[in-house]
Amino acid sequence: MELSTPTEFTPWLSLGGGILIGLSAVLVMALFGRIAGISGITTGVMGAVVPMQSSASDRDWRIAFVVGLVTAPILYAVVTGGWPEQTVPSAPLGMIAAGLIVGVGTALGSGCTSGHGVCGLARLSPRSLAAVVTFMATAAITVFVLRHVI
């Protein structure tokens, strides 16, 4: 996999995206009394396929949330006439391995970065604070090793 990821910092688009993420987290909490962490939402969606202990109404909003995540880039492409530019490595096996590692990590960490970072910190959760500190320290060490050691 390629180690360099070119990015273009766009403060206004970043601010807009952050506002939309925060708004969606607040709306999910206000309307459904649930945390808008993606790993928890997708686990609830799995209840529609795999028998789990959750009500049908609980699955409905989760399915709608995931459908929104999938359809948003499609709507973007329709409105703007093109897909958003991405800098994803073209190494399918590496991406599959990374996805599996992230999935195991979210299971072990009782949630994903969005759940702990956006929603958990907003609720002043000590567990989320510990998780976010761990995420950030691991990310900093990984970047240091990849850019300065290897």
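Shown above is the structure to which this text applies.
The paragraphs below set out a description of the structure included in this document. Keep in mind that this is a model prediction, so the values were computed, not measured.

Considerations on the overall build of the protein chain
Looking only at helices and strands, the protein chain has six helices and zero strands in total. Taken from the N to the C terminus, the helices and strands of the protein chain come in the order α-α-α-α-α-α. Buried residues in the protein chain amount to 17% of all 150 residues. Taken as a whole, the protein chain presents about 11,000 Å² of accessible surface, with 72% of it coming from carbon and sulfur.

Some thoughts on the packing of aromatic side chains
Under the defined criterion, the tally for this structure stands at one aromatic pair. Ring centres of F32 and W61 lie 5.0 Å apart, and the angle between their planes is 10 degrees; on these two criteria the pair is classed as stacked. Here F32 is found in helix α1 (residues 11-32), whereas its partner W61 is found in helix α3 (residues 56-80), with 29 residues between them in sequence. What makes F32 partly exposed here is its relative accessible area of 39%.

What about helix α5 (residues 113-122)?
All of the buried residues along α5 are G115, H116, C119 and G120. Axial view of α5: buried residues confined to an arc of 120 degrees, hence all on one face. Residues of α5 that are exposed and angled more than 90 degrees away from the buried face: T113 and A122. Those residues of α5 hidden inside the fold are in contact with α1 and α6 (126-149). Positive backbone phi, approximately 60 degrees, marks L124, located one or two places after α5.

Parameters and conventions
- Residues numbered from 1 in each chain as written.
- Predicted model: local features only at pLDDT ≥ 70, side-chain atom pairs only at ≥ 80, totals over all residues.
- Heavy atoms only, no water.
- Helix = DSSP H or I, 4+ residues; strand = E, 2+ residues; numbered from the N terminus.
- Buried < 20%, exposed > 50% of the residue type's maximum accessible area, 1.4 Å probe, protein only.
- Areas by Shrake-Rupley, 256 points an atom, 1.4 Å probe, with all protein chains shown as cover.
- Phe/Tyr/Trp six-rings, centres within 6.5 Å; stacked < 30°, edge-to-face > 60°.
- Arc of directions from axis to C-beta.
- Contact = heavy atoms within 4.5 Å.

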